[in-house]
Amino acid sequence: MSAVLLTGSTPTRARFSFEVFPARSGAAALALGHAVQHLSAAGPDFISVTYGANGSNRDASLDLLRYLRDHTDALPLAHLTTVGESREALRETIHRVMDAGVHDFLALRGDPPRGLSEDDPRVAGSLSSLELAELIAEARAERPPLTSVGRTAVAAYPNGHPLSRSRAEDIEWLIAKQEAGAQLAITQLFFRAEEYLSFASDARTAGLAIPILPGLMPVSTSAQLRKVAALAGRPAPEGLEEEIEELGGYAPELGVEHTVALARELLAGGAPSIHLYTFNRHEQVLAVLRELALLTPDPVR
Ligand code: FAD
């Protein structure tokens, strides 16, 4: 059965979007070019491009955004982070991205660079995502009307930001992001639908009006599963790691199966769409969408 959202009396097909990261080698860039053609052909709402995450080169993010804009039909959305950047440098980067024809942003504080802790003044002293969202809004206001379009997204943490002491604090922080100009939120990874659904419900009750897109990643290996568990701040579903190990440590079909089941519960519970972390591969995320009947036949061969 296809995942259907009920808006008023007209049923609409649930929507989806993707995340990719800049390639770290020429060969990886070729593979990524191929993957984004398939991802774009699926008709996502947008494809987001990470920035500086895990030490990736920041110019490479801009190159990938340009590639998406010039060579695919997908709407590119630029992640931007503040760690280690001055207000002036950020302002310049925002304008460079807009000059490249990209007007949608995910405003983030960013991961601490390798070797630095959260308490390091170079991390703790960085502008917050709220301040970045405000800078983006200011930059939009400075542009001529035709280039001042676009939306600002922010991050949300259904299982709590690592520095948060309570859910109430997480929701207050998310509402402050909305007040700073955010028009949508994308969540950190999580494994259980209830974690997202209860967070979204509590956030609505507290006054959050912007959509929260659940972030999902179909894993292939036990190493990826452990990484997701670390980001989610919760253990992986019982038995999943063992099942992957029994299949030789590489079991993309299990990742697809788990993501499909999770997405079904999320969409049935009212999630507005799903945001798929692709790991720069198209096969698994497209298999998820196919299972959910959200994909018209993949036209790229
Ligand atoms: P902010 O909301 O700006 O928070 C920064 C600081 O504010 C915190 O360190 C803390 O002091 C305080 N704070 C925040 N929330 C709370 C709270 N609930 N309670 C108390 N204090 C709080 N990282 C990258 O480097 N590059 C990327 O491209 C990238 N993409 C991401 C995409 C998504 C969808 C998500 C969810 C995360 C991504 N990250 C990325 C990781 C993200 O940068 C880190 O999780 C970072 O620790 C926090 O960023 P933020 O924008 O949420 O921070």
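Structural data are supplied above this passage.
An account of the accompanying structure is given in this report.

What counts, and at which threshold
- Residues numbered from 1 in each chain as written.
- Predicted model: local features only at pLDDT ≥ 70, side-chain atom pairs only at ≥ 80, totals over all residues.
- Heavy atoms only, no water.
- Near = heavy atom within 4 Å.
- Polar contact = N/O pair within 3.5 Å; in protein donor to acceptor, adjacent residues only side chain to side chain.
- Areas by Shrake-Rupley, 256 points an atom, 1.4 Å probe, with all protein chains shown as cover.
- Helix = DSSP H or I, 4+ residues; strand = E, 2+ residues; numbered from the N terminus.
- Core = buried A, V, L, I, M, F, W, Y, C linked by side-chain atoms within 4.5 Å.
- Buried < 20%, exposed > 50% of the residue type's maximum accessible area, 1.4 Å probe, protein only.
- Contact = heavy atoms within 4.5 Å.
- Axes fitted to C-alpha atoms, helices over the stretch in contact; angles between N-to-C directions.
- Parallel < 35°, antiparallel > 145°, perpendicular 65-115°, else oblique.
- Left-handed = near helix turned anticlockwise from the far one by under 90°.
- Nonpolar A, V, L, I, M, F, W, Y, C, P; charged D, E, K, R; others polar.
- Patch = residues over 30% accessible without salt bridge, like charges linked within 9 Å, V, L, I, M, F, W, Y side chains within 5 Å.
- Salt bridge = Lys/Arg side-chain N within 4 Å of Asp/Glu carboxyl O.
- Lys, Arg positive; Asp, Glu negative; His and termini not counted.
- Charge placed at Lys NZ, Arg CZ, Asp CG, Glu CD.
- Expected span 1.5 Å × (residues − 1).

Attention now moves to the site of the ligand. By nearness alone, 26 residues border the ligand, and Arg 109, Ser 129, Tyr 157, Asp 170 and Trp 173 come closest of all. Within the contact set of the ligand, a nitrogen atom lies 3.0 Å away from a side-chain nitrogen or oxygen of Glu 169. Contact distances for the ligand include 3.0 Å between an oxygen atom and a side-chain N or O atom of Lys 177. When the ligand sits alone it has 970 Å² of accessible area, and the protein chains cover 88% of it. Contributing elements (two or more residues each) for the shell around the ligand: strand 5 (76-81), strand 6 (104-108), helix 6 (167-179) and strand 8 (184-187). The dominant element in the shell around the ligand, judged by the number of residues it contributes, is helix 6, at four residues.

Grouped burial of nonpolar side chains is what soluble globular proteins tend to show. Within the largest apolar cluster, 67 residues are counted, with the highest numbers of intra-cluster contacts made by Phe 18, Ile 94, Ile 212, Ile 274 and Leu 289. Each residue touching Ile 274, except ones within four places of it in the same chain, is listed here: Arg 15, Phe 16, Ser 17, Pro 214, Leu 216, Ala 263, Leu 267, Leu 289 and Leu 292.

Two elements in contact, helix 1 (residues 26-41) and helix 2 (residues 58-71), have axes whose closest approach is 11 Å; the angle formed by their N-to-C orientations is 45°. Classified by the interaxial angle, the pair formed by helix 1 and helix 2 is oblique. Considering the relative orientation of helix 1 and helix 2, their crossing is right-handed. Every residue of helix 2 that contacts helix 1 at Leu 32, Gly 33, Val 36 and Gln 37 is listed here: Leu 64, Tyr 67, Leu 68 and His 71. The residue inventory of the contact of helix 1 with helix 2, partitioned by class, reads five nonpolar, three polar and no charged.

For the rest of this paragraph, the subject is the packing of helix 3 (residues 87-99) against helix 5 (residues 129-142). Packing of helix 3 against helix 5 leaves a shortest axis separation of 10 Å and a crossing angle of 55°. Comparing their axes, helix 5 and helix 3 come out oblique. Helix 3 and helix 5 meet at a crossing whose hand is right-handed. Residues Arg 87, Leu 90, Arg 91, Ile 94, His 95 and Met 98 of helix 3 pack against Glu 131, Leu 132, Leu 135, Ile 136, Glu 138, Ala 139, Arg 140 and Glu 142 of helix 5. Taken together, the residues of the contact of helix 3 with helix 5 break down into seven nonpolar, one polar and six charged.

Glancing now at a negative patch on the surface. Taken together, Glu 238, Glu 242, Glu 243, Glu 245, Glu 246, Glu 253, Glu 257 and Glu 291 make up a surface patch of like negative charges. Elements with a minimum of two residues in the negative patch: helix 9 (240-246) and helix 10 (252-268). Looking at Glu 243, the relative accessible area reads 38%, which means it is partly exposed.

Here helix 3 spans 18 Å end to end across 13 residues, near enough to the 18 Å set by a 1.5 Å rise per residue. Among all positions of helix 3, only Leu 90, Thr 93, Ile 94, His 95, Val 97 and Met 98 are buried. Lining the buried residues of helix 3 we find helix 2, strand 5, strand 6 and helix 5. Trailing helix 3 by a residue or two, Gly 101 shows a phi angle of about 90°, which is positive.

Moving on to the pattern of salt bridges. Applying the stated criterion to the full structure yields 16 salt bridges. In this structure, Arg 143 engages Asp 99 in a salt bridge whose closest nitrogen and oxygen atoms are separated by 3.0 Å. Taken together, the residues span a long stretch of sequence, with Arg 143 in the loop between helix 5 and strand 7 (152-156) and Asp 99 in helix 3 at a distance of 44 residues. For Asp 99, a relative accessible area of 56% translates into the label exposed. Residue Asp 202 pairs with Arg 167 through a salt bridge whose shortest N-O separation is 3.0 Å.

Among the structural elements, Leu 240 can be located in helix 9. For Leu 240 and Leu 254, which are 14 residues apart along the polypeptide, the C-alpha to C-alpha distance reads 8.1 Å. With residues up to four places along the chain from it excluded, the contact list for Leu 240 reads Leu 225, Leu 254 and His 258.

Attention shifts here to the environment of Asn 57. Residue placement: Asn 57 occurs in the loop between strand 4 (47-49) and helix 2. In this structure Asn 57 comes out as partly exposed when scored by relative accessible area, which is 47%. Sequence-wise, Asn 57 and Ala 23 are 34 residues apart; in three dimensions their C-alpha atoms are separated by 9.2 Å.

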